[in-house]
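A look at the structure
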Amino acid sequence: MSKRLISFTHKMLEEYITSESVVVDATAGNGHDTAFLAEIAGHVFAFDVQEEALKSTRERLRTSGLSNVTLIHDSHENIPLHIYKDVDAAVFNLGYLPGSDKALTTKRETTLAAIENVLELIVPGGLVAVTAYTGHNEGKEEARAVTDFAESLPKDAYKVSVYKFLNRLDAPFTLFIEKLK
Ligand SMILES: C[S@@+](CC[C@H](N)C(=O)[O-])C[C@H]1O[C@@H](n2cnc3c(N)ncnc32)[C@H](O)[C@@H]1O
């Protein structure tokens, strides 16, 4: 995980999130993003397929005194089965849980389905941030697919930008998709 990339991504999210906001963390992992979001938003829905990740996130939230989070043990493409509200922002931090089974990484098809589904719930003026890693094969394919998808979005409905260190080989990056209408 690149600290500078995550810190920039968080700064960008801060521009879109208020204490009234409903936000989604599509990949809870160890809960760093979930805790950051819970500090600044009204409510956070955090997903992960691994019970171990949710346990770690639950513990981080408990020690930080944060209770405005619903933890959901399900794959993120099922977001519409769990959330019946407008969503102001969503975060995807792709890849695998550091220090755990690398086979349990996010996958191209489900990631794309999840991004499409969450874009349906996002309010105009809302933001989806997707951090992708290209240092492993599965990640490279996924990063390419997510970039292709973002590039194909109609420019009158979405503003798409990317933050990436261009002078680093296989640099991870964050895509920002802002819904305009
Ligand atoms: C890079 S970690 C996320 C790091 C996390 N945001 C943090 O701040 O600690 C990626 C997480 O995505 C989870 N994941 C993989 N496939 C998923 C899926 N289909 N739906 C939801 N979570 C998934 C993994 O279990 C892993 O915990």
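See the structure printed just above.
Here we summarise the structure given alongside this text. Note that this is a predicted model, so its numbers are computed, not measured.

**Side note on the site of the ligand**
Around the ligand, a shell composed of 24 residues is seen, among which Thr27, Asp33, Asp48, Gln50 and Ser75 lie nearest. At 2.8 Å, a side-chain N or O of Ser75 approaches a nitrogen atom of the ligand. Protein contact buries 97% of the 610 Å² of open area that the ligand shows by itself. One can see that the ligand is located within the largest pocket. Along the lines of polarity and charge, the residues of the shell around the ligand split into nine nonpolar, twelve polar and three charged.

**Side note on the environment of Ala150**
Residue placement: Ala150 occurs in helix H6 (residues 137-151). Ala150 sits 51 residues away from Gly99 along the chain, and the two C-alpha atoms are 30 Å apart. Beyond its immediate sequence surroundings of up to four residues, Ala150 is in contact with Val160, Leu175 and Ile177.

**Points about the side chain of Glu142**
Mapped onto the fold, Glu142 is located in helix H6. Among buried charged residues, Glu142 stands out as having no salt bridge; its nearest opposite-charge side chain is Arg108, 8.4 Å away. Discounting chain neighbours no more than four positions away, the residues touching Glu142 are Leu94, Gly95, Thr106, Lys107, Arg108 and Thr111.

**Details of helix H2 (residues 32-40)**
For H2, every residue scored as buried is listed here: Asp33, Thr34, Ala35, Phe36, Leu37 and Ala38. Where H2 is buried, its residues meet helix H1 (3-14), strand E1 (22-25), strand E2 (43-48), helix H3 (51-64), strand E3 (69-73) and strand E4 (87-93).

**Description of unusual backbone geometry**
What you tend to see is this: most non-glycine residues have negative phi, and most peptide bonds are trans. Phi is positive for Asp170, which is not a glycine, with a value near 50 degrees. Looking at where Asp170 falls in the secondary structure, it is placed in the loop between strand E6 (158-164) and strand E7 (173-179). What makes Asp170 partly exposed here is its relative accessible area of 39%.

**Concerning the pattern of salt bridges**
If you walk through the whole model with that rule in mind, you get eight salt bridges. Measuring nitrogen to oxygen at the nearest pair gives 3.9 Å for the salt bridge that ties Arg58 to Glu51. With its nearest N and O atoms 3.7 Å apart, the salt bridge here joins Asp170 to Lys140. With a gap of 30 residues between them, Asp170 in the loop between E6 and E7 and Lys140 in helix H6 connect regions that are remote in the sequence. Salt bridges linked by common partners bring Arg108, Glu109 and Glu141 together as one network.

**Observations regarding the packing of aromatic side chains**
How two aromatic rings sit relative to each other is given by the distance of their centres and the angle of their planes. Within this structure, the stated rule accounts for three aromatic pairs. Through a chain of ring-to-ring contacts, the aromatic side chains of Phe8, Tyr163, Phe165 and Phe176 assemble into a single cluster. The aromatic ring of Phe165 is capped on one face by Arg4, whose charged end is 5.1 Å from the ring centroid.

**Structural notes on the sheet that holds E6**
Backbone hydrogen bonds are what pair the strands of a sheet, in a parallel or an antiparallel way. Pairing is mixed across the open sheet formed by seven strands, whose spatial order is E3-E2-E1-E4-E5-E7-E6. Two strands lie at the open edges of the sheet, namely E3 and E6, each paired on one side alone. Mean inter-strand twist for the sheet, computed between neighbouring axes without regard to direction, equals 15 degrees. Where strand E5 (residues 122-132) meets E7, six bridges bridge the pair, whose relative direction is antiparallel. Bridge pairing links Thr131 to Thr174 in E7. Sitting on the sheet, H2 is in contact with E1, E2, E3 and E4, with an inclination near 175 degrees to E1.

Rules of the game
Residues numbered from 1 in each chain as written. Predicted model: local features only at pLDDT ≥ 70, side-chain atom pairs only at ≥ 80, totals over all residues. Heavy atoms only, no water. Near = heavy atom within 4 Å. Polar contact = N/O pair within 3.5 Å; in protein donor to acceptor, adjacent residues only side chain to side chain. Areas by Shrake-Rupley, 256 points an atom, 1.4 Å probe, with all protein chains shown as cover. 1 Å grid on protein atoms, 1.4 Å probe; cavity = no way out; pocket = protein on both sides within 12 Å on 5 of 7 lines; lining within 4 Å. Sits in = over half its atoms within 2 Å of the grid points. Nonpolar A, V, L, I, M, F, W, Y, C, P; charged D, E, K, R; others polar. Helix = DSSP H or I, 4+ residues; strand = E, 2+ residues; numbered from the N terminus. Contact = heavy atoms within 4.5 Å. Buried < 20%, exposed > 50% of the residue type's maximum accessible area, 1.4 Å probe, protein only. Lys, Arg positive; Asp, Glu negative; His and termini not counted. Salt bridge = Lys/Arg side-chain N within 4 Å of Asp/Glu carboxyl O. Phe/Tyr/Trp six-rings, centres within 6.5 Å; stacked < 30°, edge-to-face > 60°. Lys NZ or Arg CZ within 6 Å of the ring centre and 35° of its normal. Pairing = 2+ DSSP bridges. Axes fitted to C-alpha atoms, helices over the stretch in contact; angles between N-to-C directions.

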